[in-house]
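# Observations on chain architecture
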Amino acid sequence: MFSRLKFMSLASDRTTVLRAQRSRTNCKSVSKFDGMLSDANPKKANIASSSQIQVPHLIKKQVYKFNEGKLYHGFQCERVERIPDFDLTSYTLRHEGTGTELWHIDRNDANNVFSINFRTTPFDSTGLPHILEHLALCGSKNYPVRDPFFKMLNRSVATLMNAMTGPDYTLYHLSTMNEVDFRNLQRIYLDAVFNPNLAYLDFLQEGWRLEHKDLHNRESELVIKGVVYNEMKGAVSDNSKVFNRNLRNNILPDHTYGHMYGGNPLEIPKLTHTDLIEFHRKYYHPSNARIYSYGSFDLTKTLALVDKEYLSLHTRIDNSYSRIPLQQRWSQPRHVHISSRLDNMGAAFDRQNQIAIALLMCEITNIQETFELNVLSEILIRGPNSAFYKSLIEPNFSGGYNQSTGYSSGTKDTVFVVGLQDLLVKDFKKLNDFFNLTMYKAMKEGFESQHVESILHNTELSLQHQSPHFGNALLFNSTALWNHDGDVVSNLRVLDMIARLRTCLKLNKNYFQEKMNKYFENNLHKLTLTMSPDELYDENFKQAELDMLKHKTNELDNEKLEEIYQNGLKLDASQKATPNTNLLPCLSLSDVKEPPIWPKLRIQTIQEVQTQICEVPTNEITYLKCLFNITGLSEDEIKLVPLFCNIINDMGTIKHDFREFDKLVLSKTAGINFKLNFVENVEDAKSYQLSLMMTTHALDKNVPDMLLLCRDLLQNFTLEDTVRLKMLIENYISNISIGIASSGHLYAMLGAAALVSSASKLKSLLSGIDHIDFMKNFVQKNNTADIRDQLKSIGKKVFNKSNMRVAINSSDSYLPKAVDHLNNFLDKMPTLEKLNESSDITLLHPSCQQYLMNIPVSYCAKAFFAVPYLHKDHPSLCVLSKLLSSKYLLPVVREQNGAYGAGAKISSDGIFSFYSYRDPHSTKTLVAFEKTYEWLQSENKKIDQQALFEAKLGVLQQLDSPIAPGNIGMDYFLYDISQEMLTKYRSRMLSITIDELHDVIERYFKENSKNYGKCILGPPIECLELETSEKWRIIA
Ligand SMILES: [Zn+2]
């Protein structure tokens, strides 16, 4: 899926610590739905209910806002249903004139969502739907402003604004808690999709173009440029994504899924502007659209706007042209081999292979069946009790499951995949052999009921877990099903689906075996995909690109050449022209004056342990977080803590072996997880604290069991099984290098900050590129028994009450009991020597480093030390970072230099960073970072009241973003930032004047900071030192 704002997922300033680490995939969870939204509730909403078996719902007489059969602003209300599982009412309406379906979810949730979806089915790999998605947001009839989407990012307090292209749909969505904002954005989005300008110059900018290397020199060579062109060049260098795409292309080869919807860089230049306009006319017709709205705002206003301004101007057409037929089943299995980029940060060359077996399953619209197949695949794949884990992972001949593994219901036919990464070519055969053996064994022996129940319990628990982005998650999880006319409403009745499955399992002991027989054993639509690295991969791509360029330029006559030259100049001029943003709506100060109100926190000492208590409606769930100070560990020990966090919950305890422990944990809790927490002192940034956090949650009734399991793990963890430990360590190493090519800007920022202070240097060792290198070396030099002893000593030193703090979030009715149980739990924790609570930070001399990566586009960053969070200048610098991102870096680095993204930010540790994303011109970008002050001087007039206010809104988007009930109070618990400090920061930020902004510009940007660092992730650059006037350390 290609998302417009991928590179901006930096979100909240306060929680950026170790973010790069989080962006990696957790090898423990293989479910596809986890990827949707980190802790989104309807993970299971996707895996859904049945249209065949109708369970009668006794609905009490209820007053509905809209009634079936009635007409509201041109929309006929067709279906109304109350869904208790998620405490919502679903309204399905259809526009009489155009047939457009509008699905409204009425729910008492402030974070409202609106989206327009189209079914888009390309028949080539020119990236048509993707480039159209970019272009639609480049100005429309009522908003003829260049790139209103990016302009609106700073004129709104949206909690999410984005557009996405998927294999068969394009989605434009937004969410906000502010109604004025909601209405503003709604108008812009509707106009963008139904009346876009689709201007030729925008096509050149966003899609592709031939342009002179030196714009003003007709004699200079021609090159290919374009935002999507570069975006896709970056995308083809991410091996796990390439593998996943090829799986889809090859298992569903006959229709639209056989093509690369995002665009193949070598095909993109075949696309013409006329193709694009035609594609829009055909696929963006209201009859091919679906509109979604969610939350508490008044729906009638939406209906009136949509009908009056847009839909009533169109007539209904037959939209069957965009329907996707079922894939014709094969009569025999197929095998496809592809080659990939050699990842110089990945495993050794001979191990850098991947293999997967994919099986076509049922149609996505069969919702009870897809629900059950998802449960079955969790049972087969997930965790140490699953059959495939035992047969494929435990023998340890690979780096674990690959990223494609799991049940995927994103296409018309659903697919089951099990795949391995980092294995030798000679072991490919093992997957095939073991696959069949495992399947027969599972069919013969059946499944253990306690294991099945633990998976079902987890599904039930996830229904009750509240996420602040529920409306968005519901949309994402319903999009594919809705796109194929599936029953998205019944799909929300997850409890019914679970009940139906339980009944089937009770009545038929062979229920799952029969499914396996149908979908696994007797399924000839089976693809084996293998992938191996090719040292010439990049060379071949470059050559193909050159050939294409040559072919393109050979066709050109003088007239065409002149046109290219003139277009280059025109585009440049239009990029540099002052946009008429006055045409766009904007919030006013009065719309955002009030800060959000959070529940009060209570601090109490329980059994000598400082405990933070938060009473908040949690829907019968209690959330527990235990923080263990580890600052006093030796540096050697600290470097192993990320590994420790990853494996400690996977080894079992002295009482329960790892299989049993996993079952128990899943049947009583949502899992017990560990992560590292790194916090610089927010007052002076002169010291830092490191801690290890354990998080878990459970239904209130399971809290005593949850605490027993936590205690068992903390006090009785065992690492004795060195065979298992070795396997977990090797899988960990295989997983840490995944995703660098997708989140390179985060790694580049970590790499630049590492050159600024000792704390950031350590951070990079714990979660940046340096961590990968460190781990690989460490494992080579130490045997498993030694590693075990070192890990053991970490646990022994830190898991005790002397180094512990606790946070508990629970609802008023259960909280007293929760505290009682906590008291018991803490009473039994041992007391040990208290470790040091903080370490000093030293600032470093300026330096620059490049991590060489064989990818076609780079990621750049510059970081310097400014001031920590509580310093009075921090809010001004935060506002300035927003202003620089939108007014300077995006226009220059993105629009003019062709990088996919760019921006600036300041984090709570006081580090101010600039970054670029998928950047074709790293040295130009670094020069642009250096010229910030110059720009601020020469474009003085751009820093007016409006620009200042927009930048403040950008900061508010972070400060006021909604927080899940289980995470309320974390700013204080983790970063020592109290609610009072937050409120003060917010009002100080809102009061900043232009003069104050100029004042920080003079003090922080006029001269280069004494402590700065620059970092590039990417291919070797000729004349790097010359062009940047810096000395560079190159890390191969
Ligand atoms: Zn894109």
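Since this is a predicted model, take the numbers as computed values, not measurements.

Conventions and cut-offs
- Residues numbered from 1 in each chain as written.
- Predicted model: local features only at pLDDT ≥ 70, side-chain atom pairs only at ≥ 80, totals over all residues.
- Heavy atoms only, no water.
- Helix = DSSP H or I, 4+ residues; strand = E, 2+ residues; numbered from the N terminus.
- Buried < 20%, exposed > 50% of the residue type's maximum accessible area, 1.4 Å probe, protein only.
- Contact = heavy atoms within 4.5 Å.
- Areas by Shrake-Rupley, 256 points an atom, 1.4 Å probe, with all protein chains shown as cover.
- Lys, Arg positive; Asp, Glu negative; His and termini not counted.
- Charge placed at Lys NZ, Arg CZ, Asp CG, Glu CD.
- Core = buried A, V, L, I, M, F, W, Y, C linked by side-chain atoms within 4.5 Å.
- Domains from an automatic or database assignment.
- Buried area = accessible area lost by both parts, 1.4 Å probe.
- Salt bridge = Lys/Arg side-chain N within 4 Å of Asp/Glu carboxyl O.
- Pairing = 2+ DSSP bridges.
- Axes fitted to C-alpha atoms, helices over the stretch in contact; angles between N-to-C directions.
- Disulfide = S-S within 2.5 Å.
- UniProt positions renumbered as here; feature names shortened; annotations may be inferred.
- Donors = N, O, S within 2.8 Å, 3.2 Å for Na, K, Ca; no water.
- Tetrahedral: all angles 85-135°; square planar, octahedral: opposite > 155°, others 65-115°.

This brings us to the overall build of the protein chain. For the protein chain, the helix and strand inventory stands at 37 helices and 29 strands. For the protein chain, the spread of C-alpha atoms along the three principal axes comes to 80 × 65 × 65 Å. The proportion of buried residues among the 1036 residues of the protein chain is 64%. Sequence separation of at least 24 residues holds for 82% of the intrachain contacts in the protein chain that already meet a minimum separation of 6. When the accessible area of the protein chain is evaluated, it comes to approximately 38700 Å², of which 51% is carbon and sulfur surface. When the 116 basic and 120 acidic side-chain charges of the protein chain are each reduced to a single mean position, those positions are 2 Å apart.

Turning to the nonpolar core, a few remarks are in order. Phe416, Phe520, Phe674, Leu692, Leu791, Phe799 and Leu1017 are the most contacted members of the largest nonpolar core, which totals 159 residues. In terms of residue count, helix H10 (residues 367-381) provides more of this core than any other element does, eight residues in total. Excluding anything up to four places from it in sequence, leucine 791 contacts Leu640, Leu643, Phe644, Ile647, Leu719 and Leu725.

Moving on to the domain arrangement of the protein chain. Here the protein chain is partitioned into domain 1 (70-324 + 548-576), domain 2 (334-468 + 481-533), domain 3 (605-827) and domain 4 (847-1034). If you look at the interface, domain 1 gives 39 residues, while domain 2 gives 43 residues. For the pair domain 1 and domain 2, the summed buried area comes to about 3300 Å², and 60% of that belongs to carbon and sulfur atoms. The interface formed by domain 1 and domain 2 holds five salt bridges in total.

If you check the backbone angles, glutamate 620 has positive phi at about 60° while not being a glycine. You can call glutamate 620 exposed: its relative accessible area is 53%. Its identity is not glycine, yet arginine 918 carries a phi of approximately 40°, on the positive side. Structurally, arginine 918 can be placed in strand E27 (residues 911-919). Judged by relative accessible area, arginine 918 falls into the buried class, the value being 4%.

Strand order in the open sheet formed by six strands is E26-E27-E25-E28-E24-E29, and the pairing between neighbours is mixed. Looking along the sheet, the strands with just one partner apiece sit at the ends: strand E26 (901-906) and strand E29 (1032-1035). Between one strand axis and the next, the sheet turns by 15° as a mean value, whatever way the strands run. Across the face of the sheet, helix H30 (residues 874-896) comes into contact with E26 and E27 while running at roughly 170° to E26. In this fold helix H31 (residues 922-930) packs onto strand E25 (858-865), E27, strand E28 (1012-1018) and E29, with an angle of close to 25° to the strand it touches most, E25.

The subject of this paragraph is the state of the cysteines. All chains considered together, the criterion is met by zero disulfides. We note that cysteine 504 lacks a disulfide partner, and the nearest cysteine sulfur, in cysteine 362, lies 14 Å from it. Between cysteine 860, a free cysteine, and cysteine 1015, which holds the nearest cysteine sulfur, the sulfur-to-sulfur gap is 8.6 Å. Judged by relative accessible area, which is 0%, cysteine 860 ranks as buried.

Let us look at the UniProt feature "domain: Peptidase M16C associated" (unreviewed entry) in the protein chain. Residues given the UniProt feature "domain: Peptidase M16C associated" (unreviewed entry) here are residues 531-778. Within the segment residues 531-778, helix and strand shares are 49% and 19% respectively, and the terminal C-alpha atoms sit 28 Å apart.

When the charged atoms of two side chains with opposite charge come close together, those side chains can pair. As enumerated under the stated definition, the model contains 62 salt bridges in all. Close ionic contact of glutamate 81 with arginine 493 constitutes a salt bridge, the shortest N to O distance being 2.6 Å. With a gap of 412 residues between them, glutamate 81 in strand E3 (residues 75-83) and arginine 493 in the loop between helix H14 (470-483) and helix H15 (494-507) connect regions that are remote in the sequence. This pair shows no difference in class: glutamate 81 is buried, exactly as arginine 493 is. Measuring nitrogen to oxygen at the nearest pair gives 2.5 Å for the salt bridge that ties arginine 155 to glutamate 950. Of this pair, arginine 155 sits in the loop between helix H3 (148-152) and strand E7 (160-165) while glutamate 950 sits in helix H33 (residues 945-959); the two residues are 795 residues apart in sequence, bridging distant segments of the chain. Exposure remark for arginine 155: the relative accessible area of 4% places this residue in the buried category.

Let's shift gears to the coordination of the zinc ion. Taken together, the protein ligands of the zinc ion are His130 (NE2), His134 (NE2), Glu231 (OE) and Glu231 (OE), with distances of 2.1 to 2.6 Å. Taken together, the four donor atoms coordinating the zinc ion and their angles of 53 to 152° define a geometry best described as irregular. One chain supplies every donor for the zinc ion, spaced along it as H-x3-H-x96-E. Residue histidine 130 is found in helix H2 (residues 128-136), and its partner glutamate 231 is found in helix H6 (residues 227-235); the two are separated by 101 residues along the sequence.

Along the polypeptide, alanine 387 turns up in helix H11 (residues 387-393). Considering only alpha carbons, one finds alanine 387 and phenylalanine 447, 60 residues apart in sequence, at a separation of 9.1 Å.

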